[in-house]
Amino acid sequence: QVQLVESGGGSVQAGGSLRLSCAASGVTYISRYCMGWFRQAPGQEREGVAVIDSYGSIEYADSVKGRFTISRDNAKTTLYLEMDSLKPEDTAMYYCAAATDRWVPLTRLFLDNEYKYWGQGTQVTVSS
């Protein structure tokens, strides 16, 4: 079965940067999956952050546009999230996820029910 393992989280000051990685295993053709990053702060629902499909199309949540960059290296079966200009409100547990389809309709792109596989998460804490 597919396994996703996040890494790269940590504590930074506002304005700092972090690069999250998500290593996929247990699947040969991970390039065929639409993948994304989600986050969840304490007491809040999980929300979509950024998604990249198998064709390379990318969508970001409005709150992170211009600050975060999602990318994937299919040869290394790894998903990345470059996080710049971090704000305290970015503090959350960050999860990577993979759908079973190459493409997900735009209106459903940030819905967690569209994604079958999830990692355990990596904590990001941003202090002011």
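Given the structure is predicted, the values throughout are model-derived calculations rather than measurements.

1. So, the overall build of the protein
Here is step 1 of the chain: Broken down by element type, the protein carries 0 helices and 11 strands.
Here is step 2 of the chain: Mapped from its N terminus to its C terminus, the protein presents α and β elements in the order β-β-β-β-β-β-β-β-β-β-β.
Here is step 3 of the chain: Since a compact globule built from 128 residues should have a radius of gyration of about 14 Å, the 14 Å found for the protein is in line with a globular shape.
Here is step 4 of the chain: Projected onto its principal axes, the C-alpha positions of the protein cover 40 × 30 × 25 Å.
Here is step 5 of the chain: Within the span of the protein, comprising 128 residues, buried residues form 43% of the whole.

2. A look at the state of the cysteines
Here is step 1 of the chain: Tallied over the full model, the rule gives 1 disulfide.
Here is step 2 of the chain: Here C22 connects covalently by a disulfide to C96, the sulfurs 1.9 Å from one another. Residues C22 and C96 are joined through a disulfide that is right-handed, its torsion about the S-S bond being 55°. Of the two residues, C22 sits in strand β3 (residues 18–25) while C96 sits in strand β9 (residues 92–98), which places them 74 residues apart along the sequence.

3. Re the nonpolar core
Here is step 1 of the chain: Residues L4, W37, L81 and Y94 are the most contacted members of the largest nonpolar core, which totals 31 residues.
Here is step 2 of the chain: Of all the secondary-structure elements, those providing two or more residues to this core are β3, β4 (35–40), β5 (47–52), β7 (68–73), β8 (78–83), β9 and β11 (122–127).
Here is step 3 of the chain: In terms of nonpolar packing, the next biggest core, distinct from the first, is built from 8 residues, F38, V51, A97 and V104 among them.

4. A few points about the sheet that holds β7
Here is step 1 of the chain: Spatial strand order, β1-β3-β8-β7: 4 strands in an open sheet with antiparallel pairing. At either end of the open sheet lies a strand with only one pairing partner, and these are β1 (3–7) and β7. Averaged over neighbouring strand pairs, the angle between their axes works out to 15° when direction is ignored.
Here is step 2 of the chain: The sheet contact formed by β1 and β3 spans 5 bridges and is antiparallel. By the bridge assignment for β3, L4 is matched with A24.

5. Thoughts on the environment of L20
Here is step 1 of the chain: Tracing the sequence through the fold places L20 in strand β3.
Here is step 2 of the chain: According to the relative accessible area criterion, L20 is buried, its value standing at 0%.
Here is step 3 of the chain: For L20 and M83, which are 63 residues apart along the polypeptide, the C-alpha to C-alpha distance reads 7.8 Å.
Here is step 4 of the chain: Beyond its immediate chain neighbours, meaning those up to four positions away, L20 contacts S7, G8, G9, W37, L79, Y80, L81, M83, Y94, T122 and V124.

6. Let's talk about the packing of aromatic side chains
Here is step 1 of the chain: Taken as a whole and assessed by the stated rule, the structure comprises 4 aromatic pairs.
Here is step 2 of the chain: Where Y115 meets W118, the ring centres are 6.3 Å apart and the plane angle is 70°; that geometry is what we call edge-to-face.
Here is step 3 of the chain: Residue classification places Y115 among the buried residues on the basis of a relative accessible area of 4%.
Here is step 4 of the chain: Taken together, the ring pairs connect F38, Y115 and W118 into an aromatic cluster.
Here is step 5 of the chain: Geometry around Y80 places R19 over its ring, the cationic atom sitting 4.0 Å from the centre.
Here is step 6 of the chain: The ring of Y95 has R46 lying over it, and the distance from NZ or CZ to the ring centre is 5.6 Å.

Each value, and the rule that gives it
- In this convention, every chain numbers its residues from 1, walking through the sequence in written order.
- Owing to the predicted nature of the model, reporting of local features is limited to residues with pLDDT of at least 70; listing and counting of side-chain atom pairs is limited to 80 or more, with chain, interface and lining totals taken over all residues.
- Values shown for side chains rest on all heavy atoms present in the structure; no hydrogens or waters enter the calculation.
- The way it works is that DSSP assigns letters per residue, a run of H or I at least four long becomes a helix, a run of E at least two long becomes a strand, and they are numbered from the N terminus.
- Using C-alpha atoms as the atom set, the radius of gyration is obtained and then compared with a globule rule of 2.2 Å times the number of residues to the power 0.38.
- Think of it in three bands: residues with accessible area under 20% of the maximum for their type are buried, residues over 50% are exposed, and the middle band is partly exposed, with areas taken using a 1.4 Å probe on protein chains only.
- Disulfide assignment relies on a single distance test, namely cysteine sulfur atoms paired within 2.5 Å.
- In this text, buried Ala, Val, Leu, Ile, Met, Phe, Trp, Tyr and Cys residues form a nonpolar core when linked through side-chain atoms within 4.5 Å.
- Only strands joined by at least two bridges in the DSSP assignment are considered to pair.
- For helices, the axis comes from a line fit to the C-alpha atoms of the stretch in contact; other axes are also lines fit to C-alpha atoms, and the angle between any two N-to-C directions lies between 0 and 180 degrees.
- Any pair of residues with heavy atoms lying within 4.5 Å of one another is described as a contacting pair.
- Only rings of Phe, Tyr and Trp enter the pairing, Trp through its six-membered ring, and a pair is recorded when the two centres are within 6.5 Å. The plane angle decides the type: under 30 degrees is stacked, over 60 is edge-to-face, the rest tilted.
- In this scheme, the term charge over a ring applies when either NZ of a lysine or CZ of an arginine sits within 6 Å of the ring centre and within 35 degrees of the ring normal.

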